[in-house]
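The residues making up each chain are set out below.
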Amino acid sequence: MRVAVIGGGMAGLSAAHALLGRGADPVVFEASDKPGGKVGSVAERGFLTEDGPHFLARPLDGLIDATGLREEVVQPRPPMTRWVHVEGRVLKAPSLPLLVRAGVPRALLEPLFARPLREDMPLRAFLVERLGRRAGSLAASVMAAGVYAGDPDRLSARDAFPSLGERAAKGSIFKGPRRDRTGLWNLRRGLGSLPLALAAKLQVRLGTAVERIEPGWKVQGEKFDGVVLAVPASAAAKLTRGFAPRLADALSSGFEAAPVALVHLGFLQDTVPRGFGMIDADGALTAIGTLLPSSMLPGRAPPGKALICAICGGARHPERARLSDQELTAEVVSELRRTMAIRGDPEYVRVVRHPEGIPQYAPGHRPRVEAARALLLPGLELAGAAYDGVSVPDVARSGAAAAERLLIASPTQGVHI
Ligand SMILES: Cc1cc2nc3c(=O)[nH]c(=O)nc-3n(C[C@H](O)[C@H](O)[C@H](O)COP(=O)(O)OP(=O)(O)OC[C@H]3O[C@@H](n4cnc5c(N)ncnc54)[C@H](O)[C@@H]3O)c2cc1C
């Protein structure tokens, strides 16, 4: 079975890897000149920076073993101090002043306010109902910013945070297993080494932006038995408009993604604190989140230097992701002086932009995805961050699941898997 996988991000590469493992013949078409999509790493002047994700929270054992990268896995070293920018102040988390500001006493009464998670509830409204105004609002802002660079009033509580829904159904969002922070990992030469190693095992046509698909299936003039669309929803809508207009309409409505820009800055080590980083709960700072990669991971900065990464823009302030490199860098540096007491000027700057950075799962997300999938033609599948979870482990699973569905539907291969 020859399959065209369109999009060489982690969803597409994972789909192709699964197809190859099942004896199919996948070809990945990737518009840019490198595989990995949002996942990539750049080594430059002694600094090692990431294009997007800095840590994965769940293992990807299948892909790590298949690529021989097991020895390269690195975990963050302590201190893992986190700070929260709240009501104009920078507070350590958890700390007494933060808990007082957050209204923790009311939050502890959560079981008394435990109503089921309704279908279409925005994250903030849901958490405020359960935890009270202060704690609910703070928790919603931190969660929305930390995972989606998102707006807590526009993200679905249930679909953007499925474990919240599961806990709520059991009576309390504090019940059930805690997220294991010790499970965070990266790779010695950056997360970008994973897509590079995967792509080396696959047929990947880099620098090939697919503009047209003919049903039946034809991609870039070649014949295929099936197609996996592992591109953002806007690109999938464009590619399907010609032969499946109702599907294209479904993919054009309600599948939004927020733009983000990353500003990597190299400073002298003695001016930079050690820890995990800071999150802005107020939505007031240019940087939604600030990470301290060289404090946690080996080889991110030359000796005596420190690397900081500020993630800017997102759903609350998309305009900030569109500032010029100079304006954005100047704003982030002046903010770091104020919030983290960092001194001096950066000696290294790298700005990375993602105009469609992180999908925003608004209320009604899951039914929207189901409605779109119901309109797929036989031999066509959708995978990626727009649909089944935005984290890298989620998109890898989404790609593999799309591959499985294609093979199951295929009359020649289905019964064998
Ligand atoms: C700043 C940032 C921080 C993040 N942090 C984390 C984190 O800490 N942990 C985590 O797990 N996740 C994180 N994520 C999320 C995660 O990185 C992404 O959701 C995931 O990598 C998306 O993978 P994907 O394959 O679905 O899409 P993409 O990576 O967007 O890949 C899609 C690919 O399709 C290609 N393409 C588009 N159109 C065409 C076309 N017509 N023809 C051919 N190719 C095309 C694109 O060039 C791209 O390479 C972060 C994301 C960002 C932006």
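Please read these numbers as outputs of a predicted model, since none were measured by experiment.

**Q** Got a sec to walk through the domain arrangement of the protein chain? Specific residues and values, please.
**A** As assigned here, the protein chain comprises domain 1 (2-33 + 193-254 + 362-416) and domain 2 (97-173). Listed by partner, the interface residues are seven residues for domain 1 and eleven residues for domain 2. Here domain 1 and domain 2 share an interface that buries about 580 Å² over both sides, 62% of which is from carbon and sulfur atoms. The three residues of domain 1 that bury the most area against domain 2 are Ala362, Pro363 and Val390, which together make up 63% of that side's buried surface. Linking domain 1 with domain 2 are zero salt bridges, by the criterion used here. Scanning the region where domain 1 abuts domain 2 turns up two residue pairs in polar contact (both at pLDDT 80 or more).

**Q** Which residues make up the packing of aromatic side chains, and what values do they have?
**A** Enumeration over the complete set of coordinates arrives at seven aromatic pairs. With centroids separated by 5.5 Å and ring planes inclined at 70°, the aromatic side chains of tyrosine 148 and phenylalanine 161 adopt a geometry described as edge-to-face. Placement of tyrosine 148 in helix 6 (residues 133-148) and of phenylalanine 161 in the loop between helix 7 (157-160) and helix 8 (162-169) is noted, with a sequence separation of 13 residues between them. Take tyrosine 148 and phenylalanine 161: they sit in the same class, and that class is buried. Linked through ring pairs, Tyr148, Phe161 and Tyr361 together constitute an aromatic cluster. Sitting above the plane of the phenylalanine 276 ring, arginine 82 keeps its charged end 3.8 Å from the centroid.

**Q** Explain unusual backbone geometry to me, using residue names and the numbers behind them.
**A** Residues proline 78 and proline 79 are joined by a peptide bond in cis, for which omega reads 0°. Residue position: proline 79 is located in the loop between strand 5 (73-74) and strand 6 (82-86). Geometrically, the link from glycine 216 to tryptophan 217 is a cis peptide bond, its omega value of 5° lying close to zero. Along the polypeptide, tryptophan 217 turns up in the loop between strand 10 (213-214) and strand 11 (218-219). For arginine 45, which is not glycine, the phi dihedral falls at a positive 50°. By the secondary structure assignment, arginine 45 is in the loop between strand 3 (41-44) and strand 4 (47-50). Positioned with a positive phi, alanine 149 is a non-glycine residue whose angle comes to about 45°. In this fold, alanine 149 is placed in the loop between helix 6 and helix 7.

**Q** Lay out the site of the ligand with the relevant residues and their values.
**A** The environment of the ligand is formed by 36 residues, the closest being Glu30, Lys38, Val210, Val390 and Val392. In the environment of the ligand, a nitrogen atom lies 3.0 Å from a nitrogen or oxygen atom belonging to the backbone of phenylalanine 55. Within the contact set of the ligand, a nitrogen atom lies 2.9 Å away from a backbone nitrogen or oxygen of valine 210. Here the ligand loses 86% of its free accessible area of 1,000 Å² to cover by the protein chains. Among the secondary structure elements, those contributing two or more residues to the shell around the ligand are helix 1 (10-21), strand 14 (256-268), strand 18 (348-360) and helix 15 (392-409). Tallied by class, residues from the shell around the ligand come to 22 nonpolar, twelve polar and two charged.

**Q** Can you tell me about the pairing of strand 6, naming the residues and giving the values?
**A** Burial runs high along strand 6: five of the five residues are buried. Neither face of strand 6 is exposed, since Arg82, Val84 and Val86 on one face and Trp83 and His85 on the opposite face are all buried. If you look at the hairpin formed by strand 6 and strand 7 (residues 89-93), you'll find two residues sitting between the two strands, and glutamate 87 has a positive phi there, around 50°. As paired elements, strand 6 and strand 15 (residues 277-280) share four bridges and run parallel to each other. For arginine 82, the partnering residue across the bridge sits in strand 15 and is glycine 277.

**Q** How would you explain the pairing of strand 17 (residues 305-313) if you had to name every residue and give the values?
**A** Residues in a regular strand point their side chains to alternate faces of the sheet. The element strand 17 is extensively covered by neighbouring structure, given that seven of its nine residues are classed as buried. Pairing of strand 14 with strand 17 involves nine bridges; the strand directions are antiparallel. For valine 263, the partnering residue across the bridge sits in strand 17 and is alanine 310. Here strand 16 (residues 287-291) runs beside strand 17; their pairing, made up of four bridges, is antiparallel. The residue bridging leucine 291 from the neighbouring strand is cysteine 309, located in strand 17.

The rules behind each value
Residues numbered from 1 in each chain as written. Predicted model: local features only at pLDDT ≥ 70, side-chain atom pairs only at ≥ 80, totals over all residues. Heavy atoms only, no water. Domains from an automatic or database assignment. Contact = heavy atoms within 4.5 Å. Buried area = accessible area lost by both parts, 1.4 Å probe. Salt bridge = Lys/Arg side-chain N within 4 Å of Asp/Glu carboxyl O. Polar contact = N/O pair within 3.5 Å; in protein donor to acceptor, adjacent residues only side chain to side chain. Phe/Tyr/Trp six-rings, centres within 6.5 Å; stacked < 30°, edge-to-face > 60°. Helix = DSSP H or I, 4+ residues; strand = E, 2+ residues; numbered from the N terminus. Buried < 20%, exposed > 50% of the residue type's maximum accessible area, 1.4 Å probe, protein only. Lys NZ or Arg CZ within 6 Å of the ring centre and 35° of its normal. Near = heavy atom within 4 Å. Areas by Shrake-Rupley, 256 points an atom, 1.4 Å probe, with all protein chains shown as cover. Nonpolar A, V, L, I, M, F, W, Y, C, P; charged D, E, K, R; others polar. Pairing = 2+ DSSP bridges.

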